[in-house]
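Per-entry structural report
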Amino acid sequence: MEETWLWLKYLILGIVQGVTEPIPVSSSGHLIIAQRLLGVDQAGLTFEILTNTASLIAIMFIYRADILRLIVGTWQYIRTRDAKYKSDFMFAMYVVLGTIPAVVVGLLFKDWIEATFSSVKTVAVALLVTGVALWLIRNMRGRKQDGDLKTRDALIVGLAQAVALIPGVSRSGSTVIASIATGMKQDTALRFSFMLYIPVSLGAIVLGVPDIIKTSESPGMLFPYVLAFVATLVVTYFAMKWFMGIMAKGNLKYFSYYCFVVGILLLIFL
């Protein structure tokens, strides 16, 4: 019975990760809350890397056509300097530029940030701040498309992604909010946000592998981790598809309401 309950806990954690990774409500914050409620002291680095990998695979599958187009377009522009590929090349360069702030802050301060801010109170406050930001941009309808982005846009969104290293601050929320605030159209904002997610997530996975090798995980955790991985993979895919529909309709205000409600409840009860 105890083993079954352990499996169920990790299945739930995988579902929580899958649902909250794509949407602007903070997956890290919700995992802290879920672990607290389920009595899981710390899911472990292996768990974090596995579930992040599952989310990354799902999102890369959804954006596979865009990723391939950017790779091909960038290579063709470098090789031929043909103007028809310039838009893809510049978009890829802005993704690289926008990734730099999170990489620098992550390498220098990630451990300190997690040690200082990994509390339920921090998550609650971060959710309330996210709710306010989502409310402020709820009616914005930008005009910038992929080919209209500038260096300033990439840096602003990149800095927003760096802020999301604080547990409780949604990565997708901060980058989507910043993208829309700079004047991007909804679909461009969403695409740019998740193109930024891919290199940062890949980097975190690669950097985490040596620590996983050094860490001795219990053999009995294999099945719970596999359950969490599969749950995260499947749920992230459907959550991302759902969020894309929400973005197309411009209904971000509902996530704002959610952040307000959960943030207030956390401050009161936890």
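Residues numbered from 1 in each chain as written. Predicted model: local features only at pLDDT ≥ 70, side-chain atom pairs only at ≥ 80, totals over all residues. Heavy atoms only, no water.

1. Observations concerning the overall build of the chain
A count of helices and strands for the chain gives 11 helices and zero strands. Moving toward the C terminus, one meets the helices and strands of the chain in the order α-α-α-α-α-α-α-α-α-α-α. Relative to a compact globule of 270 residues, whose C-alpha radius of gyration would be 18 Å, the chain shows 19 Å and is just as compact. Dimensions along the principal axes, computed over C-alpha positions, put the chain at roughly 65 × 40 × 35 Å. For the chain, the proportion of its 270 residues judged to be buried stands at 47%. Pairs at least 24 apart in sequence give 82% of the contacts found in the chain among residues at least 6 apart. Summed over its atoms, the accessible surface of the chain is roughly 13,600 Å², and 68% of this surface lies on carbon and sulfur atoms. Of the side-chain charges in the chain, 23 are positive and 16 negative, and the distance between the mean point of each set is 12 Å. (Helix = DSSP H or I, 4+ residues; strand = E, 2+ residues; numbered from the N terminus. Rg over C-alpha atoms; globule rule 2.2 N^0.38 Å. Buried < 20%, exposed > 50% of the residue type's maximum accessible area, 1.4 Å probe, protein only. Contact = heavy atoms within 4.5 Å. Areas by Shrake-Rupley, 256 points an atom, 1.4 Å probe, with all protein chains shown as cover. Lys, Arg positive; Asp, Glu negative; His and termini not counted. Charge placed at Lys NZ, Arg CZ, Asp CG, Glu CD.)

2. Focus on helix α6 (residues 120-136)
Taking 1.5 Å as the rise per residue, α6 with 17 residues should run 24 Å; its terminal C-alpha atoms sit 25 Å apart, in good agreement. Of the surrounding secondary structure, the elements contacted by the buried residues of α6 are α2 (27-38), α5 (86-117), α8 (171-181) and α11 (253-269). (Expected span 1.5 Å × (residues − 1).)

3. Some remarks on the nonpolar core
Counting residues in each nonpolar core, the largest one holds 46 residues, and the members touching the most others are Y63, F192, F243 and L252. Broken down by element, the residue count for this core peaks at nine residues, all from helix α9 (residues 186-214). For L252, the residues in contact, after removing those within four places along its chain, are P24, L134, I137, V176, I180, F243 and M247. Judged by nonpolar contacts, the second largest core, of 11 residues, contains Y10, V16, A34 and Y225. (Core = buried A, V, L, I, M, F, W, Y, C linked by side-chain atoms within 4.5 Å.)

4. Points about a nonpolar patch on the surface
Together, I100, V103, V104, L107, L108, F109, W112 and L207 line one region of the surface with nonpolar side chains, adding up to about 820 Å² of accessible area. Here the nonpolar patch takes seven residues from α5, the largest share from any one element. Along the polypeptide, L107 turns up in helix α5. (Patch = residues over 30% accessible without salt bridge, like charges linked within 9 Å, V, L, I, M, F, W, Y side chains within 5 Å. Salt bridge = Lys/Arg side-chain N within 4 Å of Asp/Glu carboxyl O.)

5. Re the packing of aromatic side chains
To describe a pair of aromatic rings, you give the distance between the ring centres and the angle between the ring planes. For the coordinates displayed, the defined rule picks out 14 aromatic pairs. Centre to centre, the rings of W242 and F255 are 5.7 Å apart; their planes meet at 70°, and the pair counts as edge-to-face. Pair noted here: W242 is in helix α10 (residues 222-249) and F255 is in helix α11, with a separation of 13 residues, a long-range link. Aromatic rings pair up to connect Y10, F47 and Y225 into one cluster. We note R64 situated over the ring of F61; from NZ or CZ to the ring centre the distance is 4.1 Å. Residue placement shows R138 over the ring face of W135; its charged tip is 3.6 Å from the ring centre. (Phe/Tyr/Trp six-rings, centres within 6.5 Å; stacked < 30°, edge-to-face > 60°. Lys NZ or Arg CZ within 6 Å of the ring centre and 35° of its normal.)

6. A closer look at the packing of α5 against helix α7 (residues 151-163)
Closest axis-to-axis distance for the α5/α7 pair is 8 Å, and the angle between their directions is 30°. Overall, the two elements α5 and α7 adopt an arrangement that is roughly parallel. Crossing of α5 over α7 shows right-handed handedness. Residues Y94, L97, G98, T99, P101, A102 and V105 of α5 pack against T151, A154, L155, G158, L159, Q161 and A162 of α7. For the contact of α5 with α7, the residue count by class is nine nonpolar, five polar and no charged. (Axes fitted to C-alpha atoms, helices over the stretch in contact; angles between N-to-C directions. Parallel < 35°, antiparallel > 145°, perpendicular 65-115°, else oblique. Left-handed = near helix turned anticlockwise from the far one by under 90°. Nonpolar A, V, L, I, M, F, W, Y, C, P; charged D, E, K, R; others polar.)

7. Focus: the pattern of salt bridges
Evaluated as defined, the whole model comprises six salt bridges. The partner of R69 in a salt bridge is D66, with the nearest N and O atoms 3.0 Å apart. Of the two residues, R69 and D66 are both situated in helix α4 (residues 64-80); the distance of three residues between them amounts to about one turn of the helix. The class of R69 is partly exposed, set by a relative accessible area of 33%. The partner of R191 in a salt bridge is D146, and the shortest N-O contact between them spans 3.0 Å. Here R191, found in helix α9, pairs with D146, found in the loop between α6 and α7; they are 45 residues apart in sequence, far enough to count as distant. With relative accessibility at 15%, the residue R191 sits in the buried group. Looking at D146, the relative accessible area reads 14%, which means it is buried.

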